[in-house]
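# Structural overview for review
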Amino acid sequence: MLSTDHLISIKELQKSDLELIFNTADEFKAVINRPIKKVPSLRDITVANLFFENSTRTKLSFELAEKRLSADIINFASSSSSVKKGESLVDTVNNILAMKVDVVVIRHSYPGAAQFLANEVQARIINAGDGAHEHPTQAILDAYSIREKFGTLEGVKVAIIGDIVHSRVALSNIFCLQKLGAKVVVCGPKTLIPKHIQSLGVEVSYNVDETLAWCDVAMVLRIQLERQEASYFPSLREYRTYFGIDRQRLEKVGKDLVIMHPGPINRGVEISSDVADGPFSIILDQVENGVATRMAGLFHVSEKIRK
Ligand code: CP
């Protein structure tokens, strides 16, 4: 059983919660590779997927995970809802819950939206990304994918490279990877690294070549142009020259690195196509593992409803 009622942030999870989710994900990964990919684990549980921000991977993998677990599901997109007529978040969710919904999966641009809902409404909440705060299920699937590659997270050297300051993926991964014993360096231009990030126990590098030489795993993050109000670097071309991960840069390192990216990718900016699609990339394994790990998260959050 998880130590928390909801799945809102990695910060509040214990190492044992993460290990529990991984072990359950192992079972579900075996299930979804069988000819019959469904189990009845969430029969009679109703899940609402509330996406107030765009998503491809997270939305579809939650939906598929719920279907594989035999849950009843409803999907909500704010762009076609009464939010457009001014309905508040709490009113929207309470109206959805009146239809006897047990679990709410929410993505919202407001950091803290998932915790706010957990405080205000009667349902189990899963955070599918809240502003630049956390994206816990992304960090879980990332750590699970590293564990699959190395057998453990203990001692694995992970570099998170790119737009750290706007990234909920970076923050959740820093908490998650460190709880599981990995060593973490964040790397990028000074302007894209939060000032006091060392207080989270990570090291900071502004030199991508040195960072690549150090790490076992390069987790490349998207330049989030849509969240950047100011100019954080002179041009995309300069970003690519100094921080972009391409084949030439990897060849200079002279060792095999695991390449990750949470998606969506800006091809030719933070990562070149030959690296994203190359032999060391596990980007599509991350997407595949999103289904099994989200099945595990949904299963353990819903376990609490049945108690
Ligand atoms: N990694 C991720 O959260 O992708 P989406 O925005 O497509 O869900």
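To start, this report covers the structure provided alongside it. (Residues numbered from 1 in each chain as written. Predicted model: local features only at pLDDT ≥ 70, side-chain atom pairs only at ≥ 80, totals over all residues. Heavy atoms only, no water.)

## Some thoughts on the site of the ligand
Surrounding the ligand, one finds Ser-55, Thr-56, Arg-57, Thr-58, Arg-107, His-135, Gln-138, Pro-262 and Gly-263. Note that an oxygen atom of the ligand is positioned 2.8 Å from one of the backbone N or O atoms of Thr-56. Within the side chain of Thr-58, an N or O atom sits 2.6 Å from an oxygen atom of the ligand. Protein chains bury 92% of the 250 Å² of accessible surface belonging to the ligand in isolation. When atoms are counted within 2 Å of each cavity's grid points, the one that captures over half of the ligand is the largest pocket. Looking at the shell around the ligand, its residues break down into 1 nonpolar, 6 polar and 2 charged. (Near = heavy atom within 4 Å. Polar contact = N/O pair within 3.5 Å; in protein donor to acceptor, adjacent residues only side chain to side chain. Areas by Shrake-Rupley, 256 points an atom, 1.4 Å probe, with all protein chains shown as cover. 1 Å grid on protein atoms, 1.4 Å probe; cavity = no way out; pocket = protein on both sides within 12 Å on 5 of 7 lines; lining within 4 Å. Sits in = over half its atoms within 2 Å of the grid points. Nonpolar A, V, L, I, M, F, W, Y, C, P; charged D, E, K, R; others polar.)

## Section: the packing of aromatic side chains
All told, the structure shown has 4 aromatic pairs when counted by the stated rule. Plain terms: the ring middles of Phe-28 and Phe-299 are 5.8 Å apart, the flat faces sit at 70° to each other, and that makes the pair edge-to-face. With Phe-28 in helix H1 (residues 15-32) and Phe-299 in helix H11 (residues 283-306), this residue pair connects regions lying 271 residues apart in the sequence. The class for Phe-28 is buried, based on a relative accessible area of 7%. Positioned above the aromatic ring of Tyr-206, the side-chain terminus of Lys-190 is 5.2 Å from the ring centre. (Phe/Tyr/Trp six-rings, centres within 6.5 Å; stacked < 30°, edge-to-face > 60°. Helix = DSSP H or I, 4+ residues; strand = E, 2+ residues; numbered from the N terminus. Buried < 20%, exposed > 50% of the residue type's maximum accessible area, 1.4 Å probe, protein only. Lys NZ or Arg CZ within 6 Å of the ring centre and 35° of its normal.)

## Comments concerning empty space enclosed by the protein
Think of a ball as big as a water molecule: rolled over the atoms, this probe shows where empty space is left. A complete count under the given rule lists 1 cavity of 30 Å³ or more for this structure. Estimates place the volume of the largest cavity at around 50 Å³. Along the walls of the largest cavity sit Arg-57, Ser-61, Gln-138, Leu-141, Pro-262, Gln-286, Val-287 and Arg-294, which together make up its complete lining. Of all the secondary-structure elements, those providing two or more residues to the lining of the largest cavity are helix H2 (57-68), helix H5 (136-150) and H11. Ranked by residues supplied to the lining of the largest cavity, first place goes to H11 with 3 residues. Residue composition of the lining of the largest cavity, grouped by class: 3 nonpolar, 3 polar and 2 charged. Mapped onto the domain boundaries, the lining of the largest cavity takes at least three residues apiece from domain 1 (10-135 + 287-306) and domain 2 (136-282). (Points joined across faces, edges and corners; volume = space filled by probe spheres on them. Domains from an automatic or database assignment.)

## Some remarks on the sheet that holds strand S8 (residues 217-220)
Taken together, the 5 strands give an open sheet; going across it, the order is S7-S6-S5-S8-S9, and neighbouring strands pair in parallel fashion. On the outer flanks of this sheet lie strand S7 (203-205) and strand S9 (258-260), each paired with one strand and no other. Each adjacent strand pair in this sheet contributes to an overall mean axis angle of 25°, direction not counted. Across 5 bridges, strand S5 (residues 157-161) lies against strand S6 (residues 183-187) in parallel orientation. Across the sheet, Ala-159 pairs through a bridge with Val-185, a residue of S6. In this fold helix H6 (residues 168-179) packs onto S5, S6 and S8, with an angle of close to 170° to the strand it touches most, S5. (Pairing = 2+ DSSP bridges. Axes fitted to C-alpha atoms, helices over the stretch in contact; angles between N-to-C directions. Contact = heavy atoms within 4.5 Å.)

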